[in-house]
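Summary of the model geometry
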Amino acid sequence: MEQANRWRADFPVLSETVHGKRLVYLDNAATSQVPTQVLERLKQHYETEHANIHRGIHYLSELSTGAVEDARKKVNDFLNGEASKCVIFTSGTTDSIHLVSASYRETLYPGQGIIVTELEHHSNYVPWQQACKLSGADFYVCPQKDGELDLDVMEQLLKEHEIALVAAAHVTNLTGTVNSIQEIVKLAHRYGAKVLIDGAQGILHEGIDVSEADCDYYCFSGHKMLAPTGIGVLYGKSEALEALQKIRYGGGMVDLVTQPLTTWASLPHCLEAGTPNISGIIGLGAAIDYIIEHDPLKMRAWERELLVYAEQELLKIEGLSVMGHPGRRSGALSIDIEGVHPFDLASMADKMGVALRSGNLCAQPALASLGYEKAIRLSPAFYNTKEEIDQCRKAFERIIPMLRKFAD
């Protein structure tokens, strides 16, 4: 508790009130909050070094360029990546996945296939579905059982079909399932398929060593790991990135442009067309500094304790069920309550200061596979406390009888 309180002091928004109640922010899977240290770094950038990067030779441009490339190195080191050139800056996880899927769309052909899983966020499902639709390739979905992927089925798909790539979440946003990334990668590589990992939920709550995981691509968003919105990363092995088709054209990604011919710059710039989100990149670097300084292992241990506590306490409520029972859960807990619509519960909880997420959570295939259409999700972060979980449970205990009464 003392540790959580010390972390909380770095997040001013957690001291805010909502509808006259102290804010209990349990929607971290949608976006994390931003610490003062990151906000101060953004302020410093805009006040002392703001300029466009790479092509300027003046002092401010060189300062900004240095800050961006320093952040690129921090990202690579944080991932234990191959080299800084393997870090491509995008606008977020979805953008990173699109960068890869749009390239595959250009090279896929009938008879080839892509595998995704039933537990994916729409952002790691729909782009691959559409790439297959437009290219004539086959789209396969690996099923799940109670929140755990059926890797035997995945292996059968890999054995029986020519699979170009497997796309899977590191941590799922609905059930919080921590997928067996290394096992998935070994399976896919055994049959000649590449692997893309959606790390949006995994990057902060679990962390990743991409060299150990051996995945070909790893994607994540800054705003789910204490950084600003609008910045993301596509990490890839150098040969996997170099194999991607160029699908975005513009300043910075070219080498020579003539009337008959254009040649491309080297990695990472050939995949970064136009002016990037400079301040977002710098903010991401500052967020990584914060995470490292405050010990990510301690952060994750406290998050796991909070999630176990939340499940234990919420299951005391009559008619409440938890969606999925994976072997390892991280970052998110989705629930259903008999006789209560998730939207109504989340709306009334908000009036009591508790911020939750409700709806289909951009995971309709996952919900359907579990037998639901809607969910309500709690997603605690390291700066949350057990008292806040208690406050959420007490809010539920006040709201649920009212909603059930009105439903009768």
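Before reading on, note that the structure itself is shown above.
Here's a quick rundown of the structure. The numbers attached to residues start from 1 for each chain and follow its sequence in the written order. The model is predicted, so local features are restricted to residues of pLDDT at least 70 and side-chain atom pairs to those at 80 or more, both for listing and for counting; the totals for chains, interfaces and linings are taken over all residues. To obtain the side-chain values, all non-hydrogen atoms of the structure were used and water was disregarded.

Considerations on the sheet that holds strand β16 (residues 333-337)
Under the convention used in this document: DSSP bridges decide pairing: two strands pair if at least two such bridges lie between them. We count a stretch as a helix when DSSP gives it H or I for four or more residues in a row; a strand needs E for two or more, and each element gets its number in order from the N terminus. A fitted line through C-alpha atoms serves as each axis, taken over the contacting stretch for helices, and the angle formed by two N-to-C directions is quoted from 0 to 180°.
With respect to topology, four strands assemble into an open sheet ordered β15-β16-β19-β18, the strand pairing being antiparallel. Looking along the sheet, the strands with just one partner apiece sit at the ends: β15 (320-322) and β18 (357-359). Here the average twist between neighbouring strands, direction ignored, is 30°. Bridging between β18 and strand β19 (residues 375-378) involves three bridges; their strand directions are antiparallel. Bridge pairing links serine 358 to isoleucine 376 in β19.

A closer look at the packing of aromatic side chains
Just so we agree on the cut-off: Any pair of Phe, Tyr and Trp rings, taking the six-membered ring for Trp, is counted once the centres come within 6.5 Å. Such a pair is stacked with planes under 30 degrees apart, edge-to-face with planes over 60 apart, and tilted for the rest. Throughout, exposure labels follow a simple rule: accessible area from a 1.4 Å probe, protein chains only, divided by the maximum for the residue type, with under 20% read as buried, over 50% as exposed, and the rest as partly exposed.
For the structure on display, the rule yields nine aromatic pairs. Their ring planes at 70° and their centres at 5.9 Å tell us that phenylalanine 11 and phenylalanine 382 sit as a pair that is edge-to-face. Of this pair, phenylalanine 11 sits in the loop between α1 (2-8) and β1 (17-18) while phenylalanine 382 is found in the loop between β19 and α15 (386-407), placing the two residues 371 residues apart along the sequence. Its relative accessible area of 0% is what places phenylalanine 382 among the buried residues. Measuring from centroid to centroid gives 6.3 Å for tyrosine 218 and phenylalanine 220, while their planes differ by 55°, and the two rings are tilted.

Observations regarding the sheet that holds strand β11 (residues 217-221)
Test applied: Whether two residues are in contact is decided by their heavy atoms, any of which lying within 4.5 Å being enough.
Pairing is mixed in the open sheet, where seven strands are placed in the order β4-β12-β11-β10-β9-β5-β6. Strands at the two margins of the open sheet, each flanked by one partner only, are β4 (87-90) and β6 (138-142). Averaged over all pairs of adjacent strands, the angle between strand axes in this sheet comes to 20°, irrespective of strand direction. Alignment of strand β5 (residues 112-117) against β6, held across five bridges, turns out to be parallel. In the strand pairing of β6, isoleucine 114 is matched with phenylalanine 139. Of the strands in this sheet, β4, β11 and β12 (232-236) touch helix α3 (residues 59-79), which is tilted by about 115° from β4.

Re the nonpolar core
So the rule is basically this: Joining through side-chain atoms within 4.5 Å is the link that ties buried Ala, Val, Leu, Ile, Met, Phe, Trp, Tyr and Cys residues into a set, and such a set is a nonpolar core.
Ranked by size, the top nonpolar core spans 129 residues in total, and within it Tyr104, Trp128, Tyr217, Tyr218, Leu284 and Phe396 carry the most contacts. Among the elements that line this core, the one with the most residues is helix α11 (residues 278-293), at nine residues. Each residue touching tryptophan 128, except ones within four places of it in the same chain, is listed here: Ile97, Val100, Ser101, Tyr104, Ile114, Val116, Phe139, Leu165, Ala167 and Leu196.

Observations concerning the pairing of β12
Remark: a regular strand shows side chains that alternate across the two faces of the sheet. With five of its five residues buried, β12 lies for the most part within the structure. Taking every second residue as pointing to the same face, both faces of β12 are buried, with Gly232, Leu234 and Gly236 on one and Val233 and Tyr235 on the other.

Side note on the side chain of serine 101
Position of serine 101 among the secondary structure elements: in helix α4 (residues 93-107). For serine 101, the contacting residues outside a window of four places in its chain are Pro127, Trp128 and Ala131.

A look at the packing of helix α13 (residues 342-351) against α15
Our working rule: Any angle that falls under 35 degrees is termed roughly parallel, while one over 145 is termed roughly antiparallel, one within 65 to 115 roughly perpendicular, and all others oblique. Working rule for handedness: look at the near helix, and if it is turned counterclockwise from the far one by less than a right angle, call the crossing left-handed; if clockwise, right-handed.
Across the interface, α13 lies against α15 with an axial gap of 10 Å and an inter-helix angle of 135°. Between α13 and α15, the angle falls in the class oblique. Regarding α13 and α15, the two cross each other, and that crossing is right-handed. Packed against α13, whose contacting residues are Asp344, Leu345, Met348 and Ala349, the element α15 presents Phe396, Ile399, Ile400, Met402 and Leu403 at the interface.

Quick word on the pairing of β19
The side-chain alternation of β19 yields two buried faces, one formed by Ala375 and Arg377 and the other by Ile376 and Leu378. Across three bridges, β16 lies against β19 in antiparallel orientation. Paired with leucine 333 across the bridge in β19 is leucine 378.

What about the side chain of glutamine 112?
Rules: Here a polar contact is recorded for every N or O atom pair within 3.5 Å, except that within protein the pair must consist of a potential hydrogen donor and a potential acceptor, and residues adjacent in sequence are included only if both atoms are side-chain atoms.
Counting through the fold element by element, glutamine 112 comes out in strand β5. Look at glutamine 112 and you get buried, because its relative accessible area is 12%. A polar atom in the side chain of glutamine 112 sits 3.4 Å from the side chain of glutamate 162. Among residues more than four places away in sequence, those in contact with glutamine 112 are Thr107, Ala137, Asp138, Glu162 and Ala164.

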